[in-house]
Structure formats: C-alpha cells, structure tokens
Amino acid sequence: MSGIFIAFFSALAVVFAIMVITMRQPMRAALSLVAHMVCLAALYACLGAHVVAVFQVLIYVGAVMVFMVYTIMLLDDRDMSYQWVFSRLALPAVVVAGLVAAALWVLIGRLPVTAPAIATAAGDSFTFSSFSVAFMQHYWFHFELATVLLLIGIIAAWAAVKEGSNG
Amino acid sequence: MDRYQFLVALAGLIFTLGLLGVVIRRNLLVVMMCLEIMLNAVVLSFVTTAVRTQSIPGVAMTFFIYVAASCEVALAMAIMVILVRRRHSLDVGTFQDLKG
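If you're wondering where the values come from, they're calculated on a predicted model, not measured in any experiment.

The rules behind the values
Residues numbered from 1 in each chain as written. Chains lettered and ligands numbered in written order. Predicted model: local features only at pLDDT ≥ 70, side-chain atom pairs only at ≥ 80, totals over all residues. Heavy atoms only, no water. Helix = DSSP H or I, 4+ residues; strand = E, 2+ residues; numbered from the N terminus. Polar contact = N/O pair within 3.5 Å; in protein donor to acceptor, adjacent residues only side chain to side chain. Contact = heavy atoms within 4.5 Å. Buried < 20%, exposed > 50% of the residue type's maximum accessible area, 1.4 Å probe, protein only. Salt bridge = Lys/Arg side-chain N within 4 Å of Asp/Glu carboxyl O. pLDDT = per-residue confidence, 0-100.

Regarding the side chain of Thr62(B)
1) Next: Tracing the backbone shows Thr62(B) in helix α3 (residues 56–87).
2) Next: In this structure the side chain of Thr62(B) is engaged in a polar contact, spanning 2.4 Å, whose partner is the backbone oxygen of Val59(B).
3) Next: Once you skip the residues sitting within four places of it in the chain, Thr62(B) turns out to touch Val52(A), Val43(B), Phe46(B) and Val47(B).

Thoughts on the environment of Ile24(B)
1) Next: On the secondary structure map, Ile24(B) appears in helix α1 (residues 3–24).
2) Next: Using a relative accessible area of 4% as the deciding quantity, one classes Ile24(B) as buried.
3) Next: Taking the C-alpha atoms as reference, Ile24(B) lies 32 Å from Gly58(B); in sequence the two are 34 residues apart.
4) Next: Not counting the four nearest positions on each side in its chain, Ile24(B) is found in contact with Ile21(A), Val85(A), Phe86(A), Ser87(A), Leu89(A), Ala90(A) and Ala93(A).

Points about the pattern of salt bridges
All names here are of chain B.
1) Next: One pass over the full model with this rule turns up two salt bridges over all chains.
2) Next: A salt bridge links Arg26 to Asp91, with the nearest nitrogen and oxygen atoms 2.7 Å apart. You can see Arg26 sitting in the loop between α1 and α2 (28–53) and its partner Asp91 sitting in the segment after α3, a full 65 residues away along the chain.
3) Next: Across the pair Asp97 and Arg87 runs a salt bridge, and its minimum N-O distance is 3.1 Å. Linking Asp97 in the segment after α3 with Arg87 in helix α3, this pair joins segments that are ten residues apart in sequence.
4) Next: Under the relative-accessibility criterion, Asp97 is labelled partly exposed at 48%.

Considering the confidence of the model for chain A
1) Next: Residues at a pLDDT of 70 or more form 90% of chain A, whose mean pLDDT is 84.
2) Next: For chain A, the element scoring lowest by mean pLDDT is helix α6 (residues 116–120) of chain A, at 48; helix α2 (residues 26–47) of chain A scores highest, at 93.

Pasting the structure below:
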C-alpha cells in the first residue's frame, strides 16, 4: 500500500517541481514549491522517517517559504524577467537536462539491490523518541554548533541589510 | 528497481529539474526557489539512504542541512532585497557586473 502512496507523491513532487520552473508569477511558483515540499514530506512519512517529515513541514514550509513569500511581497516587480520568463539557453538546457535525467534514471536503476534484509527489518529508529535520544547522545555538540550557525546567520543578514541601507 | 532505487532516481530527477530552473529562469526569486528544489533533492537522497541502511547519521545530517538552508535563505534574501532595491529589477541579467 505504501508503494502506491510513494508513486503518487513522487509524481506529484515532479509535477510541482516542473510548475515551479514554468510559472510566470513568482508567488505561484512559491506556492508550487510549498506543494512540492509537502509531497516530499509525505514521501518521508511513507518511508517511516517521521522526524524528517515533520522537519520538512516545520522548517522548510513553515520558515524558509515564509521568508520567500515575504521577499516576493517586497520585491515583486514587473520587469524584464516577468515578460521574458526563460533565458536564451532554455532549449539546449532542456535537452541536456532531459539527457542527464534519463542517464541518472537508467544508471541508478542498474545499481545492485543491496541490504534488503536491513531495509525490511526497519525498526522504529526514526520515530521522535528514539531518534531524539540517539541524536542528543551522539550529536549534542553539533546541535549546539548549529545554534551558533543560526545566530551567525541572523547577524550576517542584519549586517547585510544595514550595510545596504547605508550604501 | 526497488523503492529505494526509485527514490534515489527520483532525487536525481528532481535535482536535474532544479538545476534546469537555475539555468533557464531569469527571475532572481524563482532561481532561489530552484536552488531550494536542488537542496530538497539532496535531502531526499540522504533520507532514502538512511532509511535503507537504518542509520541515524543520515537523518541527523538532514537536520543540519535544514539548518544550513535556513541560514542560506535568510542571508540570500537580505542580499537580494538590497540588490533589487538598488537595480530596481529582478532580472538576473542586470547583475552581470557583480564581482567575486
């Protein structure tokens, strides 16, 4: 049953990714990106990685895309990029991307199937409680470093805006 | 092709779509969104491999990817707001004289 859901959400994720590329208005592209991310979260849930599914919805859809939407509301100018959506390289880029995607699909499909026993013996190591315990046992220092990185990101964004308003 | 191979291949396909968007789109905001698509494809391959091998480090790495992505978007949006207010355009062609 989960195979059907995986196929369904995979198809939806690809469709919404294509919509992000093809939509003329940035806000519609952003909403397509939100739908794409929700589809990926559903895929993670189908795989049993509930922690990552929740991270995906909370951090990406909830935080990162809010940044994007605010920026679109601040900057949505109707300029040249609105009239001519694609660059001159569009046609050769589409051809090359199609070839690359086909090659990746074929090559990955030919990889040997490994570790089926481990995969089928999937336990509950990615549920919240077990993952949190393992994460804080092994990665508590990295977690603290991540908070420092977030703080540096805030300071850098603030400094960039201040420098831009001065200049 | 089992489901893990399928998902890694799907990650490759989504990464290619994101890269295609970065190359062909002219709008700066949509280019950023396509970069996020590429990052999502990387996370998908990480999660698929982690679930396949039942390894905690793979999922832990996705958490740190999310942290890095949040910082990247915050800083990129700040820089983008400054640039667009100076040039009054979202067209990437207007930023060809940027150095570095």
